[in-house]
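# Commentary on secondary and tertiary structure
Chain by chain, the residues:
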Amino acid sequence: MTMEKQNKMNDHDDVLEPPINFSMVEDGIFRSGFPQPANFPFLKSLNLRSIIYLCPEPYPEENLEFLRSQNIRLLQFGIEGKTESVAIPKDTILEALKILIDVRNHPVLIHCKRGKHRTGCLVGCLRKFQNWCLSSVFEEYQRFAGVKSRPTDLKFIEAFDIMRLRQCLYSIIYQYQGYGSNKRRLVYRDEKIQKPQTMKV
C-alpha cells in the first residue's frame, strides 16, 4: 500500500459520522435516528450522559457494549411507531419529558428508529413546555419528518396538556447558567427526589 493511499484511509477514519437525522435540540439535548456502529465515534465526541430510547424493541448488544464503555445510561420508553393507527401514550411522553428536562441527565440523546415521528412528538412537547408558538413547533417537526409527516402526530402535540408536566415539577426551579448566555435551565431544588429509573446496560 502506498503512503498516499494509507493517508487517505487515515483521513477517512478521522471523519465523525453522525446518526441519521441528527441535530442539536438545544444545549445538552440532541436528537437522531437509531445510531449505528459507524456513529459511535461521533457519539463519543458528545460526551453523552444518557440516551432516551423511544422504541419497544430491545437495544442491540453492540450498542449496549458501547454504552457500557462510555458509562452512558439507557432510558427506554417503548412507544409503538409502525402506523398512524397506534395512539401515542400521553403518560409515556410525560415520563420521558421529566427525564429530558432534568439537567442531571444531560448531555442526552433522544432517538427512535428514524428520528422522525416518536422523537418529533417528544421534542414537540418539549417546545410547548418552552412556550414555542404552535406554528414553529409544527415547522420543526415537519423539517425532520419530511414527506412522512403524520397529521396524527401534529394533533397529539397540539392536544398535549403541558400543564400536567408543570404540576409535576413543583420541586424544580429555573436557574440561569451558561457561557455568557442567559439560557433557561432546570435544576432540582431538592436533590433527595427519587432519581429516574435506568435500564441496566
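Up top you'll find the structure we're talking about.
### What about helix 3 (residues 61–70)?
Residues of helix 3 that are buried: Asn-63, Leu-64, Phe-66 and Leu-67. Within helix 3, the buried residues cover an arc of 160° as seen down the axis, which keeps them to one side. Elements in contact with the buried residues of helix 3: helix 2 (40–45), strand 3 (50–53) and strand 4 (73–76). One or two residues past the end of helix 3 sits Asn-71, with phi positive at roughly 55°.

### So, the packing of aromatic side chains
Overall, the coordinates contain 7 aromatic pairs when judged by the stated rule. Considering the side-chain rings of Phe-22 and Phe-30, the 5.7 Å spacing of their centres and the 20° angle between planes classify their relative orientation as stacked. On the basis of relative accessible area, Phe-22 is assigned to the partly exposed category, the value being 23%. Seen in terms of ring centroids, Tyr-53 and Tyr-59 are 4.7 Å apart; in terms of plane orientation they differ by 65°. Their pairing is edge-to-face. For the residue pair Tyr-53 and Tyr-59, the accessibility class agrees, reading buried in each case. Put simply, the rings of Phe-22, Phe-30 and Phe-42 touch in pairs and so form one group of aromatic residues.

### Re the side chain of Asn-105
Looking at the element boundaries, Asn-105 is found in the loop between helix 4 (90–101) and strand 5 (108–111). By relative accessible area, Asn-105 is classed as buried at 2%. A polar atom in the side chain of Asn-105 sits 3.0 Å from the backbone oxygen of Ile-99.

### Quick notes on the pairing of strand 5
Going residue by residue along strand 5, you find Val-108 and Ile-110 tucked away on one face and Leu-109 and His-111 tucked away on the opposite face as well. Pairing of strand 2 (residues 29–32) with strand 5 involves 4 bridges; the strand directions are parallel. Across the sheet, residue Ser-32 finds its bridge partner in strand 5, namely His-111. Where strand 3 and strand 5 come together, 4 bridges link them in parallel fashion. Bridged to Ile-52 within strand 5 is Ile-110.

### Some points on the environment of Pro-35
Along the chain, Pro-35 turns up in the loop between strand 2 and helix 2. The class for Pro-35 is buried, based on a relative accessible area of 2%. On a C-alpha basis, the gap between Pro-35 and Ile-20 in space is 7.5 Å, while along the polypeptide they are 15 residues apart. Once you skip the residues sitting within four places of it in the chain, Pro-35 turns out to touch Pro-19, Leu-43, Tyr-59, Asn-63, Leu-109 and His-111.

Definitions and cut-offs
- Residues numbered from 1 in each chain as written.
- Predicted model: local features only at pLDDT ≥ 70, side-chain atom pairs only at ≥ 80, totals over all residues.
- Heavy atoms only, no water.
- Buried < 20%, exposed > 50% of the residue type's maximum accessible area, 1.4 Å probe, protein only.
- Helix = DSSP H or I, 4+ residues; strand = E, 2+ residues; numbered from the N terminus.
- Arc of directions from axis to C-beta.
- Contact = heavy atoms within 4.5 Å.
- Phe/Tyr/Trp six-rings, centres within 6.5 Å; stacked < 30°, edge-to-face > 60°.
- Polar contact = N/O pair within 3.5 Å; in protein donor to acceptor, adjacent residues only side chain to side chain.
- Pairing = 2+ DSSP bridges.

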